[in-house]
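These are the residues of each chain, in order.
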Amino acid sequence: MINARLRSRRKAAAMDPAGATVANDIGGEGEKFAVGNIYSVKVITGDEFRGIVMAYDPIPNFVGSKPRGGHSKNTRMVNASFITGLSYLGKTEDPLLTDNCCVNLDVLRAKEALAIRQAEAEAERMGVGVTAEAQSIFDALSKTLPVQWDNSDILVMKEVRVRSPYLSDCVFGGTDAANNRVKKVLELVRQRLQLVGT
């Protein structure tokens, strides 16, 4: 009777991802995906894998698992609603032991530092209190020349300043050659962006 019910649910789940509720047939909320349980899992996409449950969050219904053996760096997050086949294979003693985890903290710190540097660089490219037109001009100039914001002015090559309203008449500073180059590029940028006042 239970097997027939599971088979009919599997057929329905194959047609409807929201109906892939095989995971709901295994125990109550607390024991369904207890940390340390080892399962053979088949998901609605047809993928099959074995893994140790590392975490389970019943609100979004996600299961985090690592491959059996624990020596792989792969971790999977699976929406339990998309599980079409689940076989309990056993339980590990303590799946959260750091000896079994393959997390390189130095690599994580390096990735974090890189992400912070990229976010800071991206934030520096955003003008504060400037118009969308000014930001468009800045973005276009940055493809050709090194630029940065200095309040509402665009500082080009750290020597030439372009002031609002960002016309070629508003270019100041730097050598004559640098000044003329910025004016020429600015005119081309404004034409490309089809801005009035070129």
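Relevant structure appears above.
Please read these numbers as outputs of a predicted model, since none were measured by experiment.

Engineer: How would you sum up the packing of helix α4 (residues 132-142) against helix α5 (residues 176-192)? Please name residues and give values.
Structural biologist: Angle between the axes and distance between the axes: these two values describe a pair of packed helices. Contact geometry of α4 with α5 gives a least axis separation of 10 Å together with a crossing angle of 120°. It follows from the interaxial angle that α4 and α5 lie oblique. Where α4 crosses over α5, the handedness of that crossing is right-handed. Here α4 contributes E133, I137, A140 and L141 to the contact with α5, which in turn contributes V185, L186, V189 and R190. By residue class, the composition of the contact of α4 with α5 is six nonpolar, no polar and two charged.

Engineer: Go over the pattern of salt bridges, please, and point to the residues and values.
Structural biologist: Using the criterion set out here, one finds six salt bridges in the structure. One salt bridge connects R109 with D106, and the closest N-O pair in it is separated by 3.6 Å. Remark: D106 and R109 occur in helix α3 (residues 105-124); sequence separation between them is three residues, near one turn of the helix. For D153, the salt bridge goes to R163, with nearest N and O atoms at 3.5 Å. In this pair, D153 sits in strand β7 (residues 153-156) while R163 sits in the loop between β8 (160-162) and β9 (171-172), placing the two residues ten residues apart along the sequence. For R163, a relative accessible area of 37% gives the class partly exposed. Members of the salt-bridge network, linked through shared partners, are D150, D153, R161 and R163.

Engineer: I'd like to hear about the sheet that holds β8, residue by residue, with values.
Structural biologist: Within a sheet, adjacent strands bond to each other through the backbone by hydrogen bonds, running parallel or antiparallel. Read across the sheet, four strands follow the order β6-β7-β8-β9 without closing on themselves; strand pairing throughout is antiparallel. One side of each edge strand has no neighbouring strand; the edge strands of this open sheet are β6 (147-150) and β9.

Engineer: Help me get a handle on the packing of aromatic side chains, residues and values and all.
Structural biologist: To describe a pair of aromatic rings, one takes the distance between the centres and the angle between the planes. One pass over the full model with this rule turns up two aromatic pairs. Taken together, a centroid distance of 5.7 Å and an interplanar angle of 70° make the contact between Y39 and Y88 edge-to-face. Here Y88 lies in strand β5 (residues 83-91) and Y39 lies in strand β1 (residues 37-43), a separation of 49 residues in the sequence. Taking the centre distance of 4.8 Å and the plane angle of 15° together, the rings of F138 and W149 count as stacked. Placement of F138 in helix α4 and of W149 in strand β6 is noted, with a sequence separation of eleven residues between them. Here F138 and W149 have matching classes, each one buried. A cation over an aromatic ring shows up here: R76 above the ring of F49, its NZ or CZ 4.0 Å from the ring centre.

What counts, and where the lines are drawn
- Residues numbered from 1 in each chain as written.
- Predicted model: local features only at pLDDT ≥ 70, side-chain atom pairs only at ≥ 80, totals over all residues.
- Heavy atoms only, no water.
- Axes fitted to C-alpha atoms, helices over the stretch in contact; angles between N-to-C directions.
- Helix = DSSP H or I, 4+ residues; strand = E, 2+ residues; numbered from the N terminus.
- Parallel < 35°, antiparallel > 145°, perpendicular 65-115°, else oblique.
- Left-handed = near helix turned anticlockwise from the far one by under 90°.
- Contact = heavy atoms within 4.5 Å.
- Nonpolar A, V, L, I, M, F, W, Y, C, P; charged D, E, K, R; others polar.
- Salt bridge = Lys/Arg side-chain N within 4 Å of Asp/Glu carboxyl O.
- Buried < 20%, exposed > 50% of the residue type's maximum accessible area, 1.4 Å probe, protein only.
- Pairing = 2+ DSSP bridges.
- Phe/Tyr/Trp six-rings, centres within 6.5 Å; stacked < 30°, edge-to-face > 60°.
- Lys NZ or Arg CZ within 6 Å of the ring centre and 35° of its normal.

The analysis is restricted to geometry; functional conclusions fall outside its scope.
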